[in-house]
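Each chain, written out:
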Amino acid sequence: MNSVKIKYTAKEGVKIPEYKTPGSAGCDICAYIENDVVIAPGKRAMIPTGLFTEIPEGYEIQVRPRSGLAAKNGVTVLNTPGTIDSDYRGEICVILINLGDESFTVHNGDRIAQLIVAPVTQGIFVKADSLNESERGAGGFGSTGV
């Protein structure tokens, strides 16, 4: 894979994504905010990171929750996994939602999510008049049991 280029915002204090252990699949991404952001229970907030990327064509970056925030505080990434496409050049922001019972405060520099670099395969969609039968058929949510 080619390197993922990272550009920082012009201001000081932006943290580059970092893998915490050699076996980590995800690298932590941090909030870059001037003032604390309080997220009330059931509410959401878009948290900037001060980072911009140039992802090689054929790859994406997935934005995923941090398990510690979810387990301890009920805070997760709303559109998980979020996708950053290879042709996106805007700032990486993370949409956090508080599913916990108490307000949650995001401070500048807090680790708020993790990023996964992954290959992308684009499908070729072909119009069809019929589809082959399968054992599952049209059974959807919960159709295969508990």
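Before reading further, recall that the structure is shown in the block above.
Remember, it's a predicted structure, so these values are computed and weren't measured experimentally.

(A) Structural view of the environment of Ile124. Position of Ile124 relative to the elements: it lies in the segment after β10 (111–119). Along the backbone, Ile124 and Asp36 are 88 residues apart, and their C-alpha atoms lie at a distance of 45 Å.

(B) Molecular detail of the pairing of strand β4 (residues 44–54). Across 4 bridges, the pairing between strand β1 (residues 5–8) and β4 is antiparallel. Counted as the bridge partner of Lys7 is Phe52 from β4. The pairing of β4 with strand β8 (residues 91–98) spans 6 bridges and is classified as antiparallel. Bridge pairing links Ala45 to Leu96 in β8.

(C) The pattern of salt bridges, seen in detail. If you walk through the whole model with that rule in mind, you get 5 salt bridges. Lys5 is the salt-bridge partner of Glu54, the closest N and O atoms lying 3.8 Å from each other. Residue Glu54 is located in strand β4, and its partner Lys5 is located in strand β1; the two are separated by 49 residues in the primary sequence. Given a relative accessible area of 34%, Glu54 falls into the partly exposed group.

(D) Representation of the sheet that holds β10 in the model. Taken together, the 4 strands give an open sheet; going across it, the order is β2-β10-β5-β7, and neighbouring strands pair in antiparallel fashion. Single-partner strands in this sheet number two, and they are β2 (27–30) and β7 (82–84). Neighbour-to-neighbour, the strand axes of this sheet turn through a mean angle of 35°, independent of strand direction. Sheet topology places strand β5 (residues 59–64) next to β7; 3 bridges connect them, and they run antiparallel.

(E) Main features of the nonpolar core. In terms of nonpolar packing, the biggest core is built from 25 residues, with Ile29, Ile47, Val94, Leu96, Val106 and Ile112 touching the most fellow members. Of all elements in the fold, only β2, β4, β5, β6 (75–77), β8, β9 (104–106) and β10 reach the threshold of two or more residues within this core. Among residues more than four places away in sequence, those in contact with Ile112 are Ile29, Cys30, Ala31, Ile47, Thr49, Arg66, Leu69, Val94, Leu96 and Val106.

(F) Molecular detail of the sheet that holds β4. The 4 strands are arranged β1-β4-β8-β6 in an open sheet whose pairing can be described as antiparallel. The strands lining the two open edges of the sheet, one partner per strand, are β1 and β6. Averaged over neighbouring strand pairs, the angle between their axes works out to 45° when direction is ignored.

So, how was this worked out
- Residues numbered from 1 in each chain as written.
- Predicted model: local features only at pLDDT ≥ 70, side-chain atom pairs only at ≥ 80, totals over all residues.
- Heavy atoms only, no water.
- Helix = DSSP H or I, 4+ residues; strand = E, 2+ residues; numbered from the N terminus.
- Pairing = 2+ DSSP bridges.
- Salt bridge = Lys/Arg side-chain N within 4 Å of Asp/Glu carboxyl O.
- Buried < 20%, exposed > 50% of the residue type's maximum accessible area, 1.4 Å probe, protein only.
- Axes fitted to C-alpha atoms, helices over the stretch in contact; angles between N-to-C directions.
- Core = buried A, V, L, I, M, F, W, Y, C linked by side-chain atoms within 4.5 Å.
- Contact = heavy atoms within 4.5 Å.

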